[in-house]
Amino acid sequence: MSRKRDPVEAASDESTDLYDVSTWEPRSRLDRVSNSVYNVIRYGLQGIVLLVAVAITIALLVQPAVLVLEEGSVAVAVFFGLSVVPAALLAALIWYSDVTTQEPLGLLVATFVLAILFATFAAVVNSLVGPSIRAVPVVGSILFFYLIVGPVEEGVKLLAVRFFAYRSDAFDAVIDGAVYGAVAGLGFAAIENTIYIGSTIAQADVGTLTAATGITTVRALVGPGHVIYSAIAGYYLGLAKFNPGRGGPIVVKGLLIAAFIHGTYNVTVGIVPSVVTELTPIPFGAAFIGYVVLFDAVIFAFLYRKIARYRRVYRAVRDDTGSDPRSELTEFDPPQR
């Protein structure tokens, strides 16, 4: 999409100086000062957001860190790692499905770290808003999951992608959004699992090994959901990058889908396994595991259909033209930064 031009610029030849008429660039001292002030505000606000996120993250990780440093509790760190293995494998599968190019390791790591940092914003919001909404009779928990947990958690994961990787030239295909979204979901799951496992072990009356085994199993099941949901939202973020005129609605669509699925999981996971246990001889633990796996499988199938279709079209276009489709995109329809 070419840049929209003022009528004066459109009618003028390249030799006409249109500075401060219909074009602008930093020329005067005031121009340069204005440009510098803008950059300070822009990057300063980003720096403040990061510093606040780091401070909250450190505060939330104090308890897990103490558990790991205690003598004889090094095994707790192993449980932290084991809890994200299923989510990491799923994120790796989505990364492998990228038929265009491999994403730079630095961007993947940065997205992972940013998701860890921004996840703490969701923790604060959930803690502050949760009690008042949950107090609403009958529908309090449902409102909380659909209006707060789903949108906020999916929003901060998408922010982790938008904050850095999205702006990179390496983010050069729609499917890259799904890859970075999956990595953001992995980062979110990593810190959430760490906090849950740490607090559960600290408050448990049973031994560390017993408490850690139970909560690690639960969190290992929950982690893949974060990867899937944010990969869906990330895919739409990628679609928005290459459709700048409709980018806003596309991003909102992705967030609505991810938040709705997320909220539906949170609402139903506390109901369906119990109902299954009441109506069948299946024990609660098996019903819980079965439901989580089935739910994630259905949603992953939805995501993978999109990825598979992208892969098919990409290969078909490449075979028809004999060139990389991204070269056509770069020449005729550059993404808007």
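Here, every reference points to the structure presented above.
Residues numbered from 1 in each chain as written. Predicted model: local features only at pLDDT ≥ 70, side-chain atom pairs only at ≥ 80, totals over all residues. Heavy atoms only, no water.

Colleague: Looking at this model, I keep getting lost on unusual backbone geometry. Mind explaining?
Modeller: Peptide bonds are mostly trans, and most non-glycine residues show a negative phi. At Asp20, a position not held by glycine, the phi torsion is positive, near 65 degrees. As for its placement among the helices and strands, Asp20 is situated in the loop between α1 (7-11) and α2 (29-60). Judged by relative accessible area, which is 57%, Asp20 ranks as exposed. You will see that Val138, though not glycine, has its phi angle at about 70 degrees, which is positive. Mapped onto the elements of the fold, Val138 is located in the loop between α6 (105-134) and α7 (140-163). (Helix = DSSP H or I, 4+ residues; strand = E, 2+ residues; numbered from the N terminus. Buried < 20%, exposed > 50% of the residue type's maximum accessible area, 1.4 Å probe, protein only.)

Colleague: Can you help me understand α7 in this one?
Modeller: The periodicity of an α-helix, 3.6 residues per turn, causes residues three or four positions apart to be oriented the same way. When the terminal C-alpha atoms of α7 are compared, their 33 Å separation across 24 residues agrees well with the 34 Å that a helix rising 1.5 Å per residue should span. At Val149, α7 shows its largest bend, some 30 degrees, and a proline, Pro151, comes one to four positions later. (Expected span 1.5 Å × (residues − 1). Bend = angle between axes of the 7 residues up to and from the residue.)

Colleague: Which parts of the structure should I look at to understand the pattern of salt bridges?
Modeller: Pairing between side chains of opposite charge can happen when their charged atoms approach one another. Taken as a whole and judged by the stated rule, the model has four salt bridges. Between Asp17 and Arg27 there is a salt bridge whose closest N-O contact spans 3.1 Å. Pair noted here: Asp17 is in the loop between α1 and α2 and Arg27 is in the loop between α1 and α2, with a separation of 10 residues, a long-range link. Owing to a relative accessible area of 52%, Asp17 belongs among the exposed residues under this scheme. (Salt bridge = Lys/Arg side-chain N within 4 Å of Asp/Glu carboxyl O.)

Colleague: Help me out: how do you make sense of the nonpolar core in this one?
Modeller: In summary, soluble globular proteins display a tendency toward joint burial of nonpolar side chains. Formed by 72 residues in total, the largest nonpolar core has its most connected members in Ile94, Phe118, Val227, Ile228, Tyr229, Leu303 and Tyr310. Formed by eight residues, the second largest nonpolar core is a distinct cluster that contains Val76, Phe80, Ile197 and Ile201. (Core = buried A, V, L, I, M, F, W, Y, C linked by side-chain atoms within 4.5 Å.)

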